[in-house]
Amino acid sequence: MQVFHSINQMQDWCLEQKYKGKKIGLVPTMGCLHEGHLALVQEACRQCDVVVVSIFVNPIQFGVGEDFDRYPRDLVKDRELLETTTRADLIFAPSIQEMYPPGYQTSVDVTGEITEKLCGASRPGHFRGVSTVVSKLFLICQPDLAFFGQKDAQQVAIIEKMVRDLNFPLQIVRVPIVREVDGLALSSRNIYLDDQQRQEALVLNQALKTAEQAVRDGERDVNVIREILVGVIEKSPQARIDYAEVYRAEDLADLPEIKGRVLMAVAVKFGNTRLIDNRLVEV
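Here is what the cut-offs are and how they apply
- Residues numbered from 1 in each chain as written.
- Predicted model: local features only at pLDDT ≥ 70, side-chain atom pairs only at ≥ 80, totals over all residues.
- Heavy atoms only, no water.
- Helix = DSSP H or I, 4+ residues; strand = E, 2+ residues; numbered from the N terminus.
- Rg over C-alpha atoms; globule rule 2.2 N^0.38 Å.
- Buried < 20%, exposed > 50% of the residue type's maximum accessible area, 1.4 Å probe, protein only.
- Contact = heavy atoms within 4.5 Å.
- Areas by Shrake-Rupley, 256 points an atom, 1.4 Å probe, with all protein chains shown as cover.
- Lys, Arg positive; Asp, Glu negative; His and termini not counted.
- Charge placed at Lys NZ, Arg CZ, Asp CG, Glu CD.
- Phe/Tyr/Trp six-rings, centres within 6.5 Å; stacked < 30°, edge-to-face > 60°.
- Salt bridge = Lys/Arg side-chain N within 4 Å of Asp/Glu carboxyl O.
- 1 Å grid on protein atoms, 1.4 Å probe; cavity = no way out; pocket = protein on both sides within 12 Å on 5 of 7 lines; lining within 4 Å.
- Points joined across faces, edges and corners; volume = space filled by probe spheres on them.
- Nonpolar A, V, L, I, M, F, W, Y, C, P; charged D, E, K, R; others polar.
- Pairing = 2+ DSSP bridges.
- Right-handed = clockwise from strand over helix to strand, strands pointing away.

Colleague: In this structure, what is going on with the overall build of the protein? I would like to understand it.
Modeller: For the protein, the helix and strand inventory stands at 11 helices and 9 strands. Over its C-alpha trace the protein gives a radius of gyration of 19 Å, about what one expects of a compact globule, namely 19 Å for 283 residues. For the protein, the C-alpha atoms occupy an extent of roughly 55 × 40 × 40 Å along the three principal directions. Across the 283 residues of the protein, 54% fall into the buried class. Counted over contacts in the protein with a minimum sequence separation of 6, partners at least 24 positions apart contribute 73%. Approximately 13300 Å² of the protein is accessible, and the part contributed by carbon and sulfur atoms is 47%. Across the protein, 33 positive and 40 negative side-chain charges occur, with their mean positions spaced 2 Å apart.

This is the structure:
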């Protein structure tokens, strides 16, 4: 498997694939790959002729006091995992200096409710950093399809809007959440949890399942569903809720009642580790 660190080299390779008529799939990641990432790569391999996995811990999407410096990085391990479990063709792993050279001053900012709620409310500037780096990756790698996990539901909705608004000539593919056997959504940050926090973190999926069942049983009051989410999560002694919300799935608009395609989303801290999870329900 090839590893490119240069933007020019990456662009030249992608243009060569385009010239050959190959369909390019891109899986953007920050590394520390796990089964959730591999599900994205495997879906990309099913739908595309060649697959690029980008590995870049993007500094401009981390706020002050967040975990940029301690975010896990192991390119050698990530490469071995991709080589042994997927047929991905190439890793694009640029340096910070390559992506943001001296004098870099440009950003892409999706504004409005879609970025102001959920993670955007407590992480100002986060989605500007995400939109900027993803825009650069799209221009560098020239994908026909780009694959993102449903676990980052707000991020995917924002990227979909950015693609529509800026007329990027590509398709965004959402891949369902991959979970541990006990239901915890896979995340690179799970390694920060101690044994007790890891066990208590199961309340995220439990809360979402309980709220979903209430909807299936006929509950349509948004406030009641929020109260169910909060009530289950608060059974965990260490859980500190950032948000537990219910919005229209496609644009995160407020809902007068549960109707259509609905996103139930939670963000909770266990110690210093912030975990997110969500569930889509359609009625």
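Colleague: I keep staring at the packing of aromatic side chains and nothing clicks. Help me out?
Modeller: Aromatic ring pairs: the centre-centre distance and the angle between the two ring planes describe each pair. Considering all chains together, one arrives at 5 aromatic pairs under this definition. Here phenylalanine 56 and tyrosine 100 contribute two aromatic rings whose centre-to-centre distance is 6.1 Å and whose plane-to-plane angle is 50 degrees, an arrangement assigned as tilted. In this pair, phenylalanine 56 sits in the loop between β3 (50-55) and α3 (75-85) while tyrosine 100 sits in the loop between α4 (96-99) and α5 (113-116), placing the two residues 44 residues apart along the sequence. Seen from their ring centres, phenylalanine 62 and phenylalanine 68 are 5.3 Å apart, and the 65 degrees between their planes marks the pair as edge-to-face.

Colleague: Just to check I follow, could you spell out the pattern of salt bridges for this structure?
Modeller: Evaluation of the coordinates by the stated rule reveals 20 salt bridges. Between glutamate 43 and arginine 46 there is a salt bridge, with its nearest N and O atoms 2.6 Å apart. Of the two residues, glutamate 43 and arginine 46 both sit in helix α2 (residues 35-47), 3 residues apart, roughly one turn of that helix. The residue arginine 189 makes a salt bridge to aspartate 67 at a minimum N-O spacing of 3.0 Å. With arginine 189 in the loop between β6 (171-175) and α9 (195-200) and aspartate 67 in the loop between β3 and α3, this pair connects stretches of sequence that are 122 residues apart. Given the relative accessible area of 19%, arginine 189 is considered buried. Residue aspartate 67 is classed as buried on the basis of its relative accessible area, which comes to 9%.

Colleague: It is not clear to me how empty space enclosed by the protein should be interpreted in this structure. Could you clarify?
Modeller: It is a probe the size of a water molecule, rolled over the atoms, that shows where empty space is left. Across all of its chains, the model carries 1 cavity of 30 Å³ or more by this definition. Each pocket or cavity is described by its volume, and for the largest cavity that value is around 40 Å³. Of all the elements, strand β9 (residues 273-282) adds the most residues to the lining of the largest cavity, at 3 residues. For the lining of the largest cavity, a count of residues per class yields 5 nonpolar, 2 polar and 2 charged.

Colleague: Just checking my understanding: could you explain the layout of surface pockets for this structure?
Modeller: Roughly 190 Å³ of volume is contained in the second largest pocket. Among the residues making up the lining of the second largest pocket, the classes are represented as 10 nonpolar, 3 polar and 3 charged.

Colleague: Would you explain the pairing of strand β2 (residues 24-29) in this entry?
Modeller: Walk down a regular strand and you will see the side chains alternate between the two sheet faces. A large share of β2 lies buried, amounting to 6 of its 6 residues. Every second residue of β2 is oriented toward a common face, with Ile24, Leu26 and Pro28 on one face and Gly25, Val27 and Thr29 on the other, all of them buried. In terms of strand pairing, β2 meets β3 through 6 bridges, oriented parallel. Looking at the pairing, isoleucine 24 lines up with valine 50 of β3. Between the parallel pair β2 and β3, the chain is carried across by α2, and the sense of this crossover is right-handed. Of the strand pairs in this sheet, β2 and strand β5 (residues 145-149) are connected by 2 bridges, and their pairing is parallel. Note that in β5 the partner of glycine 25 across the bridge is leucine 145.

Colleague: Honestly, the pairing of β3 in this entry has me stumped. Any pointers?
Modeller: Burial within β3 is extensive, with 6 of its 6 residues counted as buried. Examined bridge by bridge, β3 and strand β4 (residues 90-92) share 3 bridges and lie parallel to one another. Within β4, the position partnered with valine 53 by the bridge is isoleucine 91.

Colleague: Hey, could you run me through unusual backbone geometry in this one?
Modeller: At cysteine 32, a position not held by glycine, the phi torsion is positive, near 50 degrees. Within the secondary structure layout, cysteine 32 lies in the loop between β2 and α2. On the basis of relative accessibility, which here comes to 18%, the residue cysteine 32 falls in the buried class. With a phi close to 50 degrees, leucine 118 is a non-glycine residue in the positive phi region. Here leucine 118 lies in the loop between α5 and α6 (119-122).

Just distances and angles here, no functional claims.
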